[in-house]
Amino acid sequence: MGTLVRALFAGSLDIIGDVHGEIDALLSLLQRLGYDEDGCHPENRRLVFVGDLVDRGPDSPAVVSLVKRLIERERAQCVLGNHELNLLLGSRKPDNVWFFHHPLSPSDPAFLRPQAWISERERYAMLDFIADLPLVLERSDLRVVHACWSDSAIDPLRGAKDAVAWHDAHCERIDVEVRRCGLSPSVAKLVHQNDNPVKRLTSGPETKADQPFVSMGKLRHERRVAWWRTYSGPLCVFGHYWRILLPHEVDGDLLFASDRPPSLGIPCEDEAACIDFSVGKRYIERSAPGFSGAFQTRLAALRLPEREWIFDTETSDAEE
Ligand SMILES: [Mn+2]
């Protein structure tokens, strides 16, 4: 097992956002970036994935096996996302029924979603692969993490190897504090989110919402914090936060000024750049009445050092 904080590849990189089982979008993006099927690039560029390879989309096993192959050939690196962490923790959600095959209510929308299910035999091999993903990749000019860069969360993890062991140890520590201080369940939930380094890096800090709001069909009392607005340091690239909203969706988290993908040719000037353009919502777009086949969501890559955006499809329909 490698350590949870690892050295990022040197050289020119293409960093790819949350794929969420959208294998066709990934294949299309790799082709547009100029990679062959073995992940080789004529200019010897290499790939980095920000995690959340799985769940929601049609073929999580295909995405994981492709990324695993690229990592084994040293053409790619990948950090752990919260959706992979759920698999490691055995945390069964409607979104990961393809992995655990747990019973779902037939009225659950995930029950009807067309998805490739993993076999019993493949499940353990996938867990071994995911368990060895780092939480952080870094070099002097660039940082990659799934949801949030936090020095105070990262420093104690340097040298550590087992994300689940660290996650569970911090859960126990926080439970003791919660009991000792007599915290209410809603405050305890926030402390678990913000003070567990494994949770903070993979799903980001939260705060109590002024008003409860609905997001992805769930009523939420906590909102996500746009930590990147106060970040300073080398360029940090992360995913996790939806950058494109579908029609009628409301950003209860108030995270981004614009819900449109950046135009091609406009360089990214952020110090901390979110590269998740919501391809994980394509299953919702596909099921909308009158769906034309043109998606508003994108799978994005940020090319570095060029700071250029590349998307799996042209951005024109979302920009009109
Ligand atoms: Mn995520």
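Refer to the structure above for everything that follows.
Here we summarise the structure given alongside this text. Predicted, not measured: the structure shown is a model, and the values here were computed from it.

When their charged atoms lie close together, side chains carrying opposite charge are able to pair. Under the counting rule described, the total for this entry stands at 18 salt bridges. A salt bridge links Asp95 to Arg113, with the shortest nitrogen-to-oxygen separation between them at 3.1 Å. One end of the pair, Asp95, is in the loop between α3 (82-89) and α4 (97-100); the other, Arg113, is in the loop between α5 (109-112) and α6 (120-131), and 18 residues separate them in sequence. What makes Arg113 buried here is its relative accessible area of 13%.

Taken residue by residue, a regular strand's side chains alternate between the two faces of the sheet. Residues Leu235 and Val237 line one face of strand β9 (residues 235-238) and the alternating positions Cys236 and Phe238 line the opposite face, and both faces are buried. With three bridges connecting them, strand β6 (residues 142-145) and β9 associate as parallel partners. Counted as the bridge partner of Val144 is Val237 from β9. As paired strands, β9 and strand β10 (residues 272-274) are joined by three bridges and run parallel to one another. Within β10, the residue paired with Val237 across the bridge is Ala273.

Each pocket or cavity is described by its volume, and for the second largest pocket that value is around 190 Å³. Among the elements that take part in the lining of the second largest pocket, strand β4 (residues 76-78) stands out by supplying three residues, more than any other. Looking at the lining of the second largest pocket residue by residue, the classes come out as eight nonpolar, one polar and three charged.

Calculation rules
- Residues numbered from 1 in each chain as written.
- Predicted model: local features only at pLDDT ≥ 70, side-chain atom pairs only at ≥ 80, totals over all residues.
- Heavy atoms only, no water.
- Salt bridge = Lys/Arg side-chain N within 4 Å of Asp/Glu carboxyl O.
- Helix = DSSP H or I, 4+ residues; strand = E, 2+ residues; numbered from the N terminus.
- Buried < 20%, exposed > 50% of the residue type's maximum accessible area, 1.4 Å probe, protein only.
- Pairing = 2+ DSSP bridges.
- 1 Å grid on protein atoms, 1.4 Å probe; cavity = no way out; pocket = protein on both sides within 12 Å on 5 of 7 lines; lining within 4 Å.
- Points joined across faces, edges and corners; volume = space filled by probe spheres on them.
- Nonpolar A, V, L, I, M, F, W, Y, C, P; charged D, E, K, R; others polar.

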